[in-house]
Amino acid sequence: MAELLVVRPGALTTVQDRGRPGYAHLGVPRSGALDAAAYALANRLLGNPPDAAALETTLDGVGLRALAATVVAVTGAPCPVRISGRPVAWGAPVRLPAGAELEVGRAESGLRSYVAVRGGLSVPPVLGSRSTDLLSGLGPPALAGGMTLPVGPAGPDTSPGADAYGLPRAPAELLLPLRLGPRADWFTGASLAGLWRAEFRVSARSNRIGLRTEAGSALVRARQGELPSEGMVLGAVQVPPDGLPVVFLADHPVTGGYPVVGVVPPGPALDAAAQARPGVPVRFVRSR
């Protein structure tokens, strides 16, 4: 079996696939790649199955050495890609010879890059998924230097028709469509009306669990007290006591007690949230 050796793990590099939905009733979060479109494209470029596991990097990339020849592709946040010091294409299949080192550099824009290998990463699945879940601890640990990653058998030919440049770039402003409810009535009418005019910023405290906001007009409650814990979904916008919305991402908890003012539907907006760096302006727009 082919393997990749982790030479440089980066700030936070994890194995991700499409996640493990359907286990919230057991207390297991969804997890999976935050930028679903970029992850899917990386697999299409290599002819992998759509659920093949890949690496998700955070800001400063990753360094890997091939212990056997393979083919790789890097998508998501644009970044320099080198093989044994030689620049190669981002967003396209490239051959990685045995013994060669793949260096995925710092993101030039955006936040998260995806590194797929032909055949997918063959780490042991947990509840049907190979995803690392930072909240529950399920799945493989975050990458560390010296770790080896097994690679599955190669599938069909690569897909030259896939176009990495067709994906949206990292947002200069993050626009999040918001469907109000189920707990919008916990906030004053004036506060909700102001939500559509408010400009927040992505907080540096954001992570795979949630995109935290700062510097906007805090939502004001119409009701006091706390809710009993209730179920949370991907894209739920929870409002803690400081009144600044938190958008739940893939590793979100399955329950929570702060009121949810609304939900951002899965799709391109949440993919964009995965690439929004701290300081990027955030606005909510009404969605039905």
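Structural data are supplied above this passage.
Reading the values: the criteria
Residue numbers here run from 1 along each chain, matching the order of that chain's written sequence. A pLDDT threshold of at least 70 governs which residues receive local features in this predicted model, and a stricter bar of 80 or more applies before side-chain atom pairs are shown or counted, although totals over entire chains, interfaces and linings include all residues. Values shown for side chains rest on all heavy atoms present in the structure; no hydrogens or waters enter the calculation. Note on definitions: salt bridges are taken to be side-chain nitrogens of Lys or Arg within 4 Å of carboxyl oxygens of Asp or Glu. Numbering of helices and strands runs from the N terminus; a helix is a DSSP stretch of H or I covering at least four residues, while a strand is a stretch of E covering at least two. Exposure classes here rest on a 1.4 Å probe applied to the protein chains alone. A residue is buried below 20% of its type maximum, exposed above 50%, and partly exposed in between. Note on contacts: a residue pair is in contact if any heavy atoms of the two residues lie within 4.5 Å.

**Notes on the pattern of salt bridges**
Under the definition given, this model contains 11 salt bridges. The partner of Arg112 in a salt bridge is Glu56, and the shortest N-O contact between them spans 3.8 Å. Of this pair, Arg112 sits in the loop between β9 (101-104) and β10 (113-117) while Glu56 is found in strand β3 (residues 54-56), placing the two residues 56 residues apart along the sequence. What makes Arg112 buried here is its relative accessible area of 7%. A residue is classified by how much of its surface remains accessible, and Glu56, at 1% relative accessible area, is buried. One salt bridge connects Arg65 with Glu101, and the closest N-O pair in it is separated by 2.5 Å. Here the residue Arg65 occupies a position in strand β4 (residues 62-66), and Glu101 occupies one in strand β9, the gap between them amounting to 36 residues. The class of Glu101 is partly exposed, set by a relative accessible area of 32%. Three or more residues joined by partner-sharing salt bridges are found here, namely Glu56, Arg112, Arg208 and Asp251.

**Let's talk about helix α1 (residues 36-46)**
The complete set of buried residues in α1 reads Ala38, Tyr39, Leu41, Ala42, Asn43, Leu45 and Leu46. In this fold, the buried residues of α1 make contact with β2 (14-16), β3, β5 (70-76) and β10. Among the residues trailing α1, Gly47 stands out with phi positive, at a value near 70°.

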